[in-house]
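Observations on chain architecture
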Amino acid sequence: MAKRKPQVAVLMGSDSDLPVMEKCLKTLEFLGISFEVSVLSAHRTPDDVAKYVAKAEAGGVQVFVCAAGGAAHLAGAVVARTLRPVIGVPLNATALGGLDALLSTVQMPSGVPVATVAVGEMGASNAGFLAARMLALSDAGIRARLEAHRDEMVKGVLEKNARARGKSSS
Ligand code: RP5
């Protein structure tokens, strides 16, 4: 079967970010979204980041997900070079526990937004879901899979509620 063109580009600053970013890849896979994964660094390989963004755009990538820890400037470096939506995933990679990456990613100047998700695995997974919601604006298949996932979440919580209420004294 022919390989599908990537809809989402997932970038991370180092391969040490990959174990956490697997959550994002799993979410994209689960929702049937094609993606391309790269290790590129805003600080260590700035020229390659610029070249990659132009190539990915030309190849049809719709959304960029950028993960980095510490002085996390990868999402900012990418959004400076594209008008496509950029989602930033701050990672816990230093003694500051991810707060450094969160502030570096979220505090973008006016006009160059990075949609910043939570630090770590929860954010990595939500980056996949947020990219899916963006793509679902023009893709009925992704929208249907998101709706099915939402229905499952509702069912799961109501089952937990029923179990919890069964422990009530009266
Ligand atoms: C950041 O520095 C990377 O995104 C990673 O989270 C962190 C550590 O990178 P390595 O020293 O493990 O390559 O740029």
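Before going into details, it helps to say that this report is about the structure given with it. (Residues numbered from 1 in each chain as written. Predicted model: local features only at pLDDT ≥ 70, side-chain atom pairs only at ≥ 80, totals over all residues. Heavy atoms only, no water.)

Summarising burial for strand β4 (residues 86-91): six of the six residues are buried, a large majority. Side chains Val 86, Gly 88 and Pro 90 project from β4 onto one buried face, and the interleaved Ile 87, Val 89 and Leu 91 project onto a second face that is buried too. Pairing of strand β3 (residues 63-69) with β4 involves six bridges; the strand directions are parallel. Looking across to β4, one finds that Ala 68 is bridged to Pro 90. Handedness of the crossover joining β3 and β4 through helix α3 (residues 74-79): right-handed. Two strands pair when backbone bridges link them, and β4 and strand β5 (residues 115-116) are joined in this way by two bridges, in the parallel orientation. By the bridge assignment, Gly 88 is partnered in β5 with Thr 116. Crossover connection from β4 via helix α4 (residues 99-106) to parallel β5: handedness right-handed. (Buried < 20%, exposed > 50% of the residue type's maximum accessible area, 1.4 Å probe, protein only. Helix = DSSP H or I, 4+ residues; strand = E, 2+ residues; numbered from the N terminus. Pairing = 2+ DSSP bridges. Right-handed = clockwise from strand over helix to strand, strands pointing away.)

This paragraph deals with the pattern of salt bridges. Using the criterion set out here, one finds one salt bridge in the structure. A salt bridge links Arg 143 to Glu 147; the shortest N-O distance between them is 3.2 Å. Note that Arg 143 and Glu 147 are positioned in helix α6 (residues 140-165) at a spacing of four residues, about one turn of the helix. When its relative accessible area of 47% is taken as the criterion, Arg 143 is described as partly exposed. Classification of Glu 147 by relative accessible area gives partly exposed; the value is 30%. (Salt bridge = Lys/Arg side-chain N within 4 Å of Asp/Glu carboxyl O.)

Geometry only, nothing functional implied.
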